[in-house]
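Results of the structural survey
For reference, the chains in residue letters:
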Amino acid sequence: MTAGASAEAAAREALRGWVRERSAAAVPDDFDDHTPLIASGLVTSLQITDLLLVVEEMRSAPLDPASLRPGVFRDIDTIYATFLADRLGS
Amino acid sequence: MSPESLAETVLRLSTVSRSSPRDPNETTHWPEPDSLDRAQWFTSPELISVYGTPLWDSLDDHARRQLSFWEAVGFYSLNIHGEKLLIEGIARRLYQPGLEDVAEYLHHFLDEENQHSIWFATFCLRYGGKIYPDRKVAFPREHAPGEEDLLFFARVAVFEELVDRYNSAMGRDDRLAPVARRINANHHDEETRHLVFGRRLVEHLWRWHAPGWSDETVAGVRAHLAGYVMATWREYYNPDVYRDAGFPDPYATARQAWDHPATAAHRAALTARSLRWLYEAGILEAPVLS
Ligand SMILES: [Fe+2]
Ligand SMILES: [Fe+2]
C-alpha cells in the first residue's frame, strides 16, 4: 500500500468513526462510504461545523468557503473526494 | 395590570427603535489602524475561549492580550454570519400572513441588524484585515405548518441571548480598548429590545402552532433547538483565531478547549441563565447542557 492509499484509508475510517459516534439517527448495519448521510438523517445541518473541523484537521488546512454546498456532504465518498483527495490522495 | 399583548410590545419597541442613533460614527470613535494600541484587551479575559484551560495558564500577559484581539475578530465574525442569516430570514417573513402585526418591528429589526454588521465588519476589516469564514451549511427539509417560523425565530432568540451575555459584560468592562467596549455596549443596547421581541414572538408562535403538531414534530423541534445551542457554542472555539494568535496546532487547540471541563462549565452556566425562559414557556423540556 502506498503512503497515499493508507492515508486515504485512515481518513475514510476516521470519517466513518465520526458518523458512528455523532450520528443523529441509527446507523444501518451496511453503513459504508456510499450511504446517504443527509437524506437518511444521519447527519444534520447542525453537525456540519463539527464535521468541517474534523475534515480541516485531516487536511491540516482551512477549506475554501466556496466549496461548502449541501451536495458535498452527500456521503463519505463525496466528502473525501471534495475536501481530502487533493491533500491525501496517492 | 394585564400583560402587554404582542401588538403592544411591537408598538413600544418600534417607538424606541425610531429614536436610537443609527450612524455608528455618532457613537463610536474608530482609531486609525496604525494608532490602535494592540497591547490592550479586546475581549474580557474571562470570556476568551481558552480561559481556564492549561493553554491559558501557559500564556504570558502579552500573548493573552494578542489572543484577546483575534478572539474579538472571531466573536464579531460569528455575529456577522448570524446576522446575515437573521436578515435573510426576516426579509423573507415581512408581511407574511400571520405575521402582519409584527411587520413594523421587523423593519426596525432588519435595519438594526444591518447596522450591527457594519460595526462588526468595520472592526474586523479595519484592524484585523479579515472576517473569518462561516462553517455553517443548511440542508432544506420538510416542515410541519408553522414549524419553520418557530425554529427560525427560536434560533434567532437563542443566538442573540448567548451573544448578549458577552456584549453586556464587555460593554461594561473598562479593561477593554474603548472601540471594543463601545461596539459591545452599542450592540447590547439594541439587542435588549430584540430579546424582548424574540421571547414574546417565540412564545406566541409556540402557543399558536405547537398544539397542532404531532409528538414527533414537537420532539424534533426540541432536539433541533438543543442541537442548535451546541452548534452555536462550537463556533466560539475557532481554529482561525488560534492560528492568527500564533498557536502551532489550531485544530488541536479548538478540540482541547472545547473538551475542557472549565469551558464546559462556562457554557452550561451561561446557557442555563440565557435559556431559562424556553423551559418556562414549555418549549424546551430539559436543561440543555453544553
Ligand atoms: Fe445584532
Ligand atoms: Fe439582534
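Residues numbered from 1 in each chain as written. Chains lettered and ligands numbered in written order. Predicted model: local features only at pLDDT ≥ 70, side-chain atom pairs only at ≥ 80, totals over all residues. Heavy atoms only, no water.

Looking at an unreviewed UniProt entry, one finds chain B named AurF domain containing protein and attributed to uncultured Acidimicrobiales bacterium.

1. Observations concerning the side chain of Asn 167 of chain B
The line we're drawing: Where helices and strands are cited, they refer to DSSP runs of H or I of at least four residues and of E of at least two residues respectively, numbered from the N terminus. Should any heavy atoms of two residues lie within 4.5 Å, those residues are considered in contact.
Tracing the sequence through the fold places Asn 167 of chain B in helix 6 (residues 147-171). Not counting the four nearest positions on each side in its chain, Asn 167 of chain B is found in contact with Phe 75, Asn 184, His 187 and His 188 of chain B.

2. Brief notes about the coordination of the iron ion (ligand 2)
Residues and elements named next belong to chain B. In plain terms, the rule: We call an atom a donor if it is N, O or S and sits within 2.8 Å of the metal, or 3.2 Å for Na, K and Ca. Water is not counted, so some sites may look partial. The buried label applies to any residue whose accessible area, calculated with a 1.4 Å probe on protein chains only, is under 20% of its type's maximum; exposed applies above 50%, and partly exposed to all values in between.
Donor atoms from the polypeptide that bind the iron ion (ligand 2) are Glu 113 (OE), Glu 160 (OE), Glu 191 (OE), Glu 191 (OE) and His 194 (ND1), placed at 1.8 to 2.4 Å. Site description for the iron ion (ligand 2): donor spacing in sequence, E-x46-E-x30-E-x2-H. Taken as a pair, the iron ion (ligand 2) and the iron ion (ligand 1) show a spacing of 3.4 Å, with Glu 113 coordinating each metal. Of the two residues, Glu 160 sits in helix 6 while His 194 sits in helix 7 (residues 178-209), which places them 34 residues apart along the sequence. No difference in accessibility class separates Glu 160 from His 194, as the two residues are buried.

3. Brief notes about the environment of Phe 31 of chain A
On the secondary structure map, Phe 31 of chain A appears in the loop between helix 1 (3-22) and helix 2 (48-59). The contacts of Phe 31 of chain A, once residues within four sequence positions are left out, are Arg 16, Val 19, Arg 20, Leu 37, Leu 42 and Ile 76 of chain A.

4. With respect to the packing of helix 1 of chain A against helix 3 (residues 76-88) of chain A
Residues and elements named next belong to chain A. To be explicit about the condition: Axes, fitted as lines to C-alpha atoms, cover a helix only where it is in contact. Angles between the N-to-C directions of the axes lie from 0 to 180 degrees. We call two directions roughly parallel when the angle between them is under 35 degrees, roughly antiparallel when it is over 145, roughly perpendicular when it lies between 65 and 115, and oblique otherwise. Should the near helix be turned anticlockwise from the far one by less than a right angle, the crossing is left-handed, and should it be turned clockwise, the crossing is right-handed. For this classification, Asp, Glu, Lys and Arg are treated as charged, while Ala, Val, Leu, Ile, Met, Phe, Trp, Tyr, Cys and Pro are nonpolar and the rest, including Gly, are polar.
Contact pair helix 1 / helix 3: the axes reach a minimum separation of 11 Å and the direction vectors enclose 140°. Taken together, the axes of helix 1 and helix 3 lie oblique to each other. The two elements helix 1 and helix 3 cross, and the hand of that crossing is right-handed. Here Gly 4, Ala 7, Glu 8, Ala 11, Arg 12, Leu 15, Arg 16 and Val 19 of helix 1 come into contact with helix 3, specifically with Ile 76, Asp 77, Ile 79, Tyr 80, Leu 84 and Leu 88. Residues that form the contact of helix 1 with helix 3 fall into these classes: 9 nonpolar, 1 polar and 4 charged.

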